[in-house]
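Coordinate analysis (summary)
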Amino acid sequence: MGNVPFRYDFVGSFLRPQALKDAKEALDNGKLSQEDYDHIVDEEVVKVVKKQKELGYHVITDGEFRRTFWHLDFMWGFEGVEHKNTGNGVRFNTELAVLDDTYLVGKIKAKAHPFVEYFKFLKQFEDENTVAKYTIPAPAQTFQQMIVPANFETTRKFYATNEELIHDIGVAYQDIIKQFYDAGCRNLQLDDCTWGAIV
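Now for a description of the structure that goes with this document. This one's a predicted model, so the numbers in the text were calculated from it and none came from an experiment.

Regarding the pairing of strand E7 (residues 134-137)
Every second residue of E7 is oriented toward a common face, with Tyr134 and Ile136 on one face and Thr135 and Pro137 on the other, all of them buried. Relative to strand E8 (residues 188-191), E7 runs parallel, the two sharing four bridges. Directly across from Thr135, in E8, lies its bridge partner Gln189.

Shown next, in the form of structure tokens:
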């Protein structure tokens, strides 16, 4: 299909089906192997793609079912980025949204990104009526993550200035966007919540 973008679109981040939530809990508790978990995720992606096609959408996504977080998982695919679950997060009213601490352990560089492999799985379901779309957090989102107060001191160990950090993020994104392009991706959406943070 050559008529991308369409008159309407959706992000394609869908609520996790119960089977996927149960499988994630079993994986985390050591009751399910990574291989078996990945197989269940594949099955659930197939189902959500089928549903999108049945509803007549011209864009298909994998529901972002392979992610723990909409943005951080992408950052974990860079060299120089580490993460761990410390029970920290972002507070919304009285509820804490638990997020993995995500921080620098070196300079940011691109490497073969796992999201590109996830896209390749999705792309096989394209047909004459549908185009596979993938979403990644915008470069500004990655920049913001590395300069939040909790990360600022660590980031300064590797980057003396914000300009150097921005440069490396930009170069890394160029590389990964090319990886998506080479995998046949023609609809890549960059999601950016930094505007909200600024406001």
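A short note on the nonpolar core
Core analysis: the largest hydrophobic core is formed by 38 residues, its most contacted members being Phe78, Val81, Ile108, Leu165 and Phe180. Taken together, the elements giving at least two residues each to this core come down to helix H1 (18-28), helix H2 (34-54), helix H3 (72-75), strand E5 (101-109), helix H4 (114-123), E7, helix H5 (139-147) and helix H7 (162-182). Among the elements that line this core, the one with the most residues is H7, at six residues. For Leu165, the contacting residues outside a window of four places in its chain are Leu104, Ile108, Phe143, Met146, Ile147, Thr155 and Tyr159.

What to know about the packing of H5 against H7
Contact geometry for H5 and H7: axes closest at 10 Å, N-to-C directions at 140°. What the angle tells us is that H5 and H7 run oblique. Note that H5 runs across H7; the crossing there is right-handed. Contacts from Pro139, Thr142, Phe143, Met146 and Ile147 of H5 reach H7 at Asn162, Leu165, Ile166, Ile169 and Tyr173. Taken together, the residues that form the contact of H5 with H7 break down as eight nonpolar, two polar and no charged.

Considering the packing of H5 against helix H6 (residues 149-158)
Between H5 and H6, the least distance of the axes is 5 Å, while the angle of their chain directions is 85°. Compared by their axis directions, H5 and H6 come out roughly perpendicular. Contacts between H5 and H6 involve Gln145, Met146 and Ile147 from the former and Pro149, Asn151, Phe152 and Thr155 from the latter. Looking at the contact of H5 with H6, its residues break down into four nonpolar, three polar and no charged.

Observations regarding the pattern of salt bridges
Taken as a whole and assessed by the stated rule, the structure comprises nine salt bridges. A salt bridge links Lys123 to Glu126; the nearest nitrogen and oxygen atoms lie 2.7 Å apart. Residue classification places Glu126 among the partly exposed positions, given a relative accessible area of 25%.

Here we look at the packing of aromatic side chains
Under the defined criterion, the tally for this structure stands at 13 aromatic pairs. Ring geometry for Phe69 and Trp76: centres 6.0 Å apart, planes at 90°, overall edge-to-face. Neither Phe69 nor Trp76 differs from the other in exposure class; each is buried. Geometrically, the ring pair formed by Tyr134 and Phe180 is tilted, given 6.0 Å between the ring centres and 35° between the ring planes. Taken as a pair, Tyr134 in strand E7 and Phe180 in helix H7 lie far apart in primary sequence, 46 residues in all. Grouping residues by exposure puts Tyr134 and Phe180 together as buried. Counting every residue linked through ring pairs, the aromatic cluster contains Phe74, Phe78, Phe115, Tyr118, Phe119, Tyr134, Tyr173 and Phe180. Here the guanidinium or amino end of Lys133 rests over the ring plane of Phe10, the centre of that ring lying 5.8 Å away.

Focus: the environment of Asp62
Structurally, Asp62 is set in the loop between strand E1 (59-60) and H3. Exposure remark for Asp62: the relative accessible area of 2% places this residue in the buried category. For Asp62 and Tyr134, which are 72 residues apart along the polypeptide, the C-alpha to C-alpha distance reads 8.1 Å. Excluding residues within four positions of it along the chain, Asp62 makes contact with Val45, Val48, Tyr118, Leu122 and Tyr134. Of the polar contacts made by the side chain of Asp62, one reaches the side chain of Tyr134; its length is 2.6 Å.

Brief notes about the side chain of Asp73
The topology assignment puts Asp73 in helix H3. Nearest to the buried, unbridged Asp73 among oppositely charged side chains is Arg67, at 6.7 Å. Polar contacts involving the side chain of Asp73 include one to the main-chain amide nitrogen of Phe69, which spans 2.8 Å. Once residues within four sequence positions are removed from consideration, Asp73 is found in contact with Arg66, Arg67, Thr68 and Phe115.

About the criteria used
Residues numbered from 1 in each chain as written. Predicted model: local features only at pLDDT ≥ 70, side-chain atom pairs only at ≥ 80, totals over all residues. Heavy atoms only, no water. Buried < 20%, exposed > 50% of the residue type's maximum accessible area, 1.4 Å probe, protein only. Helix = DSSP H or I, 4+ residues; strand = E, 2+ residues; numbered from the N terminus. Pairing = 2+ DSSP bridges. Core = buried A, V, L, I, M, F, W, Y, C linked by side-chain atoms within 4.5 Å. Contact = heavy atoms within 4.5 Å. Axes fitted to C-alpha atoms, helices over the stretch in contact; angles between N-to-C directions. Parallel < 35°, antiparallel > 145°, perpendicular 65-115°, else oblique. Left-handed = near helix turned anticlockwise from the far one by under 90°. Nonpolar A, V, L, I, M, F, W, Y, C, P; charged D, E, K, R; others polar. Salt bridge = Lys/Arg side-chain N within 4 Å of Asp/Glu carboxyl O. Phe/Tyr/Trp six-rings, centres within 6.5 Å; stacked < 30°, edge-to-face > 60°. Lys NZ or Arg CZ within 6 Å of the ring centre and 35° of its normal. Polar contact = N/O pair within 3.5 Å; in protein donor to acceptor, adjacent residues only side chain to side chain. Lys, Arg positive; Asp, Glu negative; His and termini not counted.

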